[in-house]
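Chain residues, written in single-letter form:
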Amino acid sequence: MTIEVGMLIAVLSLIISYLAYSLNRTKALKTDSQESAELKAELGYIRKGVDDIRIDLKANEKQMIALGERITRVEESSKQAHKRIDNLEKELG
């Protein structure tokens, strides 16, 4: 009778251990999938931020090109003005 009780306790403990293992395994899977979903969402936010930065960079590049063209025109105009001033100084002097 003692051996039967011991075997019964051993079998019950094995069953309880297996059930606890399977319960913890499903919890771990749920946790892993939740972490994976959060990671994907964060990557999406980062990707969107990088795309926004790229758009801003392109706009800044266009603005810099436009400013460069304006500076070139101003320099040409200033050079012509200096020539006219030099000519006026020669006529007056």
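Quantities reported herein were computed from a predicted structural model and do not represent experimental measurements.

(A) Spatial organisation of the overall build of the protein. When helices and strands are counted, the protein shows 1 helix and 0 strands. Over its C-alpha trace the protein gives a radius of gyration of 40 Å, far above what one expects of a compact globule, namely 12 Å for 93 residues. With respect to the principal axes defined by its C-alpha atoms, the protein has extents near 135 × 15 × 10 Å. Relative to its full complement of 93 residues, the protein shows a buried share of 1%. Across the protein, 15 positive and 15 negative side-chain charges occur, with their mean positions spaced 4 Å apart.

(B) How the structure looks around the pattern of salt bridges. Applying the stated criterion to the full structure yields 2 salt bridges. A salt bridge links K48 to D52; its shortest N-O distance comes to 3.4 Å. Taken together, the positions of K48 and D52, both in helix α1 (residues 2–92) and 4 residues apart, correspond to about one turn of that helix. The class for D52 is partly exposed, based on a relative accessible area of 35%. D51 is paired through a salt bridge with R54; the nearest N and O atoms lie 3.9 Å apart. Here D51 and its partner R54 are both found in helix α1, 3 residues apart, which amounts to about one turn of the helix.

(C) A negative patch on the surface, seen in detail. A contiguous patch of negative charge on the surface is contributed by D32, E35, E38 and E42. Tracing the backbone through its elements, the reader meets E35 in helix α1. Note on E35: relative accessible area 46%, which makes it partly exposed.

(D) Just the UniProt feature "transmembrane region" (unreviewed entry) in the protein, in detail. Here, the residues flagged by UniProt with the feature "transmembrane region" (unreviewed entry) are residues 6–23. A distance of 26 Å separates the end C-alpha atoms of residues 6–23, which is 100% helix and 0% strand.

(E) Local environment of a nonpolar patch on the surface. On the surface, a nonpolar cluster with roughly 850 Å² of combined accessible area is contributed by L8, V11, L12, I15, I16, Y18, L19 and Y21. Mapping L8 onto the fold places it in helix α1.

What counts, and at which threshold
- All residue numbers refer to positions counted from 1 along the written sequence of the respective chain.
- Totals for whole chains, interfaces and linings use all residues, but because this is a predicted model, local features are given only for residues with pLDDT of at least 70 and pairs of side-chain atoms are given and counted only at 80 or more.
- Working from all heavy atoms in the structure, the side-chain values ignore hydrogens and water.
- Labels follow the DSSP assignment, with helices taken as runs of H or I lasting at least four residues and strands as runs of E lasting at least two, numbered in each case from the N terminus.
- Only C-alpha atoms enter the radius of gyration; for comparison, a globular chain is expected to reach 2.2 Å times N to the power 0.38, where N is the number of residues.
- Burial status follows relative accessibility: with a 1.4 Å probe on protein chains alone, a residue under 20% of its type maximum counts as buried, one over 50% as exposed, and anything between as partly exposed.
- We treat Lys and Arg as the positive residues and Asp and Glu as the negative residues; His and chain ends play no part in the count.
- The location of each charge is read from NZ of Lys, CZ of Arg, CG of Asp or CD of Glu.
- Any carboxyl oxygen of Asp or Glu that lies within 4 Å of a side-chain nitrogen of Lys or Arg is treated as forming a salt bridge with it.
- Candidate patch residues must exceed 30% relative accessible area and have no salt bridge, after which like charges are joined if within 9 Å and Val, Leu, Ile, Met, Phe, Trp or Tyr side chains if within 5 Å.
- Here, Shrake-Rupley sampling with a 1.4 Å probe gives the accessible areas, and only protein chains in the shown set may cover a residue.
- UniProt positions are given in the numbering used here, feature names are shortened, and annotations may be inferred rather than shown by experiment.

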